[in-house]
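Here's the letter readout for the chains.
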Amino acid sequence: AELRDIMQFGSSETAVFFKMRVAGVLHVFQFETKQGEEICVALQTHINDVMQKRYAQQAAKAAGAPKTPGLAQPPSPVANGQAEAAFGKQAGGGGAGAQQMQRVLEDANKKLDEMVRERSQLQQQLVAAQEAAQEATDRAAAESSAKAQAL
């Protein structure tokens with residue numbers, strides 16, 4: 001898989017998620033980490049750097065091409081700002097498909113957080129049940145010992 005195969009990424013408090021196409025099939029990968037937000041920021045920075053490099057290469061090619069009136073001129077600062085704004089909208093989740101995918105990811109994150117809380121509660125209940133069983137076993141052993149001494 002390559003960087004271009006990542007369709008969406010995000011993080012929660014305990015994991016980072018990647019939605020990507022591998023061999024033509026859409027997959028969601030989850031990696032447990034406390035640094036999910038940092039990973040997402042680094043990945044977004046890298047994507048921005050790659051896009052800026054591609055843009056600069058295209059601008060350089062256009063500047064080296066034979067000049068035709070109105071074409072192949074280096075982009076103006078205004079055009080650069082417009083391109084940055086358009087890319088920012090795209091990277092920020094522009095488009096209905098991206099927004100829908102973002103909602104799906106947010107719903108999945110909420111469901112995951114709920115399941116983590118539920119698992120934690122179940123573990124607490126299990127520990128309490130194990131402690132109660134151990135106390136009952138200890139009481140039964142103490143009663144049995146007391147009866148044996150009485151005889």
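Refer to the preceding data block for the structure.
Just so we're clear, the structure is a prediction, and the values are computed from it rather than from any experiment.

### Observations concerning the overall build of the protein
Secondary structure summary: the protein contains three helices and three strands in total. Written out in order from the N terminus, the α and β elements of the protein read β-β-β-α-α-α. Out of the 151 residues in the protein, the part that is buried amounts to 12%. Taking the intrachain contacts of the protein between residues at least 6 apart in sequence as the baseline, contacts between residues at least 24 apart amount to 38%. For the protein, the exposed area adds up to about 11700 Å²; of that, 56% sits on carbon and sulfur atoms.

### Description of the nonpolar core
Grouped burial of nonpolar side chains is what soluble globular proteins tend to show. With seven residues, the main nonpolar core is built from I6, F9, V16, F18, M20, C40 and L43. Listed by contribution, the elements that provide at least two residues to this core are strand 1 (6–11), strand 2 (15–22) and helix 1 (36–64). A per-element tally of this core places strand 2 first, with three residues.

### Here we look at the environment of E13
If you trace the backbone, E13 turns up in the loop between strand 1 and strand 2. Between the alpha carbons of E13 and Q35 there is a distance of 8.0 Å; along the sequence they are 22 residues apart. Apart from residues no more than four positions distant in its own chain, E13 is found in contact with T33 and K34.

### Notes on the pairing of strand 3 (residues 25–32)
Bridging between strand 2 and strand 3 involves eight bridges; their strand directions are antiparallel. By the bridge assignment for strand 3, K19 is matched with V28.

### Overview of the packing of aromatic side chains
Across all of its chains, the model carries one aromatic pair by this definition. Between F18 and F31, the ring centres sit 6.0 Å apart and the planes meet at 65°, which makes this aromatic pair edge-to-face. Of this pair, F18 sits in strand 2 while F31 sits in strand 3, and the two are 13 residues apart along the sequence. With a relative accessible area of 13%, F18 lands in the buried category. For F31, a relative accessible area of 45% gives the class partly exposed.

### Details of the sheet that holds strand 3
On the basis of which strands lie adjacent, the open sheet formed by three strands has the order 1-2-3 and antiparallel pairing. Both outer strands of the open sheet, strand 1 and strand 3, are each paired with one neighbouring strand and no more. For this sheet, the mean inter-axis angle between neighbouring strands, taken without regard to orientation, is 15°. Two elements, strand 1 and strand 2, share five bridges in a ladder whose sense is antiparallel. Bridge pairing in strand 2 links G10 to F17. In the packing of helix 1 onto the sheet, contacts are made with strand 1 and strand 2, and the angle to strand 1 comes to roughly 145°.

### As for unusual backbone geometry
Positive phi values are uncommon outside glycine, yet A23 reaches one of about 55°. On the secondary structure map, A23 appears in the loop between strand 2 and strand 3. Judged by its relative accessible area of 83%, A23 falls in the exposed class.

### Overview of the side chain of S12
Counting through the fold element by element, S12 comes out in the loop between strand 1 and strand 2. Filtering out sequence-adjacent residues up to four positions away, S12 remains in contact with F17 and D113.

Calculation criteria
Residues numbered from 1 in each chain as written. Predicted model: local features only at pLDDT ≥ 70, side-chain atom pairs only at ≥ 80, totals over all residues. Heavy atoms only, no water. Helix = DSSP H or I, 4+ residues; strand = E, 2+ residues; numbered from the N terminus. Buried < 20%, exposed > 50% of the residue type's maximum accessible area, 1.4 Å probe, protein only. Contact = heavy atoms within 4.5 Å. Areas by Shrake-Rupley, 256 points an atom, 1.4 Å probe, with all protein chains shown as cover. Core = buried A, V, L, I, M, F, W, Y, C linked by side-chain atoms within 4.5 Å. Pairing = 2+ DSSP bridges. Phe/Tyr/Trp six-rings, centres within 6.5 Å; stacked < 30°, edge-to-face > 60°. Axes fitted to C-alpha atoms, helices over the stretch in contact; angles between N-to-C directions.

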